[in-house]
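What follows is the residue order along each chain.
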Amino acid sequence: KAGVTQTPRYLIKTRGQQVTLSCSPISGHRSVSWYQQTPGQGLQFLFEYFSETQRNKGNFPGRFSGRQFSNSRSEMNVSTLELGDSALYLCASSLTGASTDTQYFGPGTRLTVL
Amino acid sequence: GDSVTQMEGPVTLSEEAFLTINCTYTATGYPSLFWYVQYPGEGLQLLLKATKADDKGSNKGFEATYRKETTSFHLEKGSVQVSDSAVYFCALSDRTGSARQLTFGSGTQLTVLP
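What comes next is a walk through the structure. (Residues numbered from 1 in each chain as written. Chains lettered and ligands numbered in written order. Predicted model: local features only at pLDDT ≥ 70, side-chain atom pairs only at ≥ 80, totals over all residues. Heavy atoms only, no water.)

Examining the pattern of salt bridges
Thought 1: Considering all chains together, one arrives at 8 salt bridges over all chains under this definition.
Thought 2: Taking the shortest distance from any N to any O, the salt bridge between A:Glu48 and A:Arg55 comes out at 2.7 Å. (Salt bridge = Lys/Arg side-chain N within 4 Å of Asp/Glu carboxyl O.)

Right, dumping it as structure tokens:
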């Protein structure tokens, strides 16, 4: 079974631009979560989607948004990019998002904001 | 809120040495506990998990036991290999409320020397 895929793998943007990242979950998985990884803040939860509905959101500004499609694929968008948004963005999928479910991670998208 | 405290790194060991990485947690509910590993340039891979007290997770020679009385989930391996060099993250997923997210520790960098 194919794992979680994320595109693109690397992205370079300038301040003020916006960016869209894509995630395809493992087949059959309906929950998709997004995390931001930085050297200073570590791994932080952004949001979680299930059946096209956002069920949970982390403590990030409104510039960070996401959505999920009917095939469970998910996108996240960051508008008005800031230097501090430079990070590795990780997508994870699980069957239902229950606390006992294992979340399987993709390789991440490395975003650099100049 | 929920939190995970991990042993500060980096940790450097010789091949075949014994490994312990300490992890303690604070949670409002009754969490599931996970250890993830991240190799350079990659996403997170699940190493092992435990979903209830006294459960022992194990994989690839690594073990961790869910200790509710001490709120701990320490990672151990009897004999490390050079290929175990990576960053290790302890994480929890709480069962209460709308928590469908992983809360991570800060990560422990392990280097194994031949």
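So, the sheet that holds strand β8 (residues 74-78) of chain A
All names here are of chain A.
Thought 1: An order of β1-β3-β8-β7 is seen for the 4 strands of this open sheet, with the pairing classed as antiparallel. The open sheet has two edge strands, β1 (5-7) and β7 (64-68), and neither has a second partner. The sheet shows a mean angle of 20 degrees between the axes of neighbouring strands, direction not considered.
Thought 2: Two strands pair when backbone bridges link them, and β7 and β8 are joined in this way by 5 bridges, in the antiparallel orientation. Within β8, the position partnered with phenylalanine 64 by the bridge is valine 78. (Pairing = 2+ DSSP bridges. Helix = DSSP H or I, 4+ residues; strand = E, 2+ residues; numbered from the N terminus. Axes fitted to C-alpha atoms, helices over the stretch in contact; angles between N-to-C directions.)

Considering the side chain of A:Asp85
Thought 1: In this structure, A:Asp85 sits in the loop between β8 and β9 (87-94).
Thought 2: Excluding residues that lie within four positions of it along the chain, A:Asp85 makes contacts with A:Gln36, A:Arg63, A:Phe64, A:Val78, A:Thr80, A:Leu111 and A:Val113. (Contact = heavy atoms within 4.5 Å.)

Considerations on the packing of aromatic side chains
Thought 1: With the rule as written, the count across this model stands at 13 aromatic pairs over all chains.
Thought 2: Taken together, a centroid distance of 5.7 Å and an interplanar angle of 70 degrees make the contact between A:Phe47 and A:Tyr49 edge-to-face. As far as the burial class goes, A:Phe47 and A:Tyr49 line up, both buried.
Thought 3: Across from the ring centre of B:Tyr30, 5.6 Å away, lies the NZ or CZ of B:Lys68, which sits over that ring. (Phe/Tyr/Trp six-rings, centres within 6.5 Å; stacked < 30°, edge-to-face > 60°. Buried < 20%, exposed > 50% of the residue type's maximum accessible area, 1.4 Å probe, protein only. Lys NZ or Arg CZ within 6 Å of the ring centre and 35° of its normal.)

With respect to the interface of chain A and chain B
Thought 1: In this complex, chain A contributes 20 residues to the contact, which on the side of chain B involves 21 residues.
Thought 2: Counting each side, the surface lost to burial between chain A and chain B is near 1,700 Å², with a carbon and sulfur contribution of 51%.
Thought 3: Between the two partners, chain A and chain B, sit 0 salt bridges.
Thought 4: Where chain A packs against chain B, one counts 8 residue pairs in polar contact (both at pLDDT 80 or more).
Thought 5: Looking at the side of chain A that touches chain B, the elements that each hand over two or more residues are β4 (31-38), β5 (42-50), β6 (53-57) and β9 of chain A.
Thought 6: A per-class count over the side of chain A that touches chain B returns 7 nonpolar, 9 polar and 4 charged. (Buried area = accessible area lost by both parts, 1.4 Å probe. Polar contact = N/O pair within 3.5 Å; in protein donor to acceptor, adjacent residues only side chain to side chain. Nonpolar A, V, L, I, M, F, W, Y, C, P; charged D, E, K, R; others polar.)

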